[in-house]
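Summary of the model geometry
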Amino acid sequence: MKLTDPLFWFFIVIAAYILYRRMKAKNNTVVIKNKPILVKGEQLITPYTLETPLACLLDDGKIFGDDFYYKEKPNLPHTQKCQCSFCVYINNTEDLFNNTNGVKTKNKEQREQDIPELNEVQARYYKYSLILRYQEMKGEERKKYERLLENVVISEKDKEKIKQHLLN
């Protein structure tokens, strides 16, 4: 094709028009940022100790409220040794979509544990270990928690520390 060929200029004009429309379409997209909606609930928190009942451990961390999966709070105490409590859980839609944690009235550091200074991941490993100590955990439910326990990444030293505590 030569520069004087009308077909060449036709393709150039079409390509320029397509580029112009694409740039205009990108610039005209207006993102309307909605006001975040506040989502409130109550989170069940239980201490991680050797005496914590299985029902408490299984309900630990669940959030109850109209906007959450669990609508109705369980009646407390679960059993005679139950030490569960509820804390207010507040989140907004922006945090939910950005996968950030909500605001709680009790910090996770305030959770009672019989092993001091466990971080969040170590505490999760300890919780799953406590759940698997119970003989009532059988079949698929037991396999589920065994898989969860295997997927928690902590050092071998911390695993041994938790296992030693569980044997005492």
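Predicted model only: the values in this text are computed from it and were never measured.

Topic: the nonpolar core
With 20 residues, the main nonpolar core has Tyr126 and Ile162 as its most contacted residues. Contributing elements (two or more residues each) for this core: α2 (54-59), α4 (120-132), α5 (139-151) and α6 (156-167). Counting residues per element, this core draws most heavily on α4, which supplies seven residues. Residues in contact with Ile162, not counting those within four places in the same chain, are Ile115, Gln122, Tyr125, Tyr126, Ser129 and Ile154.

Structural notes on the side chain of Thr46
Looking at the element boundaries, Thr46 is found in the loop between β1 (38-45) and α2. Judged by its relative accessible area of 1%, Thr46 falls in the buried class. Sequence-distant contacts of Thr46, that is, excluding residues within four places in its chain, are made with Thr52, Cys56, Leu57, Asp60, Cys84 and Arg111.

So, the environment of Asn119
With respect to the secondary-structure elements, Asn119 resides in the loop between β4 (103-104) and α4. Polar contacts involving the side chain of Asn119 include one to the main-chain amide nitrogen of Val121, which spans 3.1 Å.

Things to note about the pattern of salt bridges
Under the defined criterion, the tally for this structure stands at six salt bridges. Ionic pairing is found between Lys144 and Glu141, a salt bridge with its closest N-O pair at 3.9 Å. Taken together, the residues Lys144 and Glu141, both in helix α5 and three residues apart, mark about one turn of the helix. Using a relative accessible area of 37% as the deciding quantity, one classes Lys144 as partly exposed. Relative accessible area serves as the criterion here: at 36%, Glu141 is assigned to the partly exposed category. Salt-bridge contacts for Glu156 lead to Lys159; the nearest nitrogen and oxygen are separated by 3.7 Å. With Glu156 and Lys159 both in helix α6, this residue pair falls three residues apart, about one helical turn. With a relative accessible area of 17%, Lys159 lands in the buried category.

Criteria and cut-off values
- Residues numbered from 1 in each chain as written.
- Predicted model: local features only at pLDDT ≥ 70, side-chain atom pairs only at ≥ 80, totals over all residues.
- Heavy atoms only, no water.
- Core = buried A, V, L, I, M, F, W, Y, C linked by side-chain atoms within 4.5 Å.
- Buried < 20%, exposed > 50% of the residue type's maximum accessible area, 1.4 Å probe, protein only.
- Helix = DSSP H or I, 4+ residues; strand = E, 2+ residues; numbered from the N terminus.
- Contact = heavy atoms within 4.5 Å.
- Polar contact = N/O pair within 3.5 Å; in protein donor to acceptor, adjacent residues only side chain to side chain.
- Salt bridge = Lys/Arg side-chain N within 4 Å of Asp/Glu carboxyl O.

Any link to function would need more than the numbers given here.
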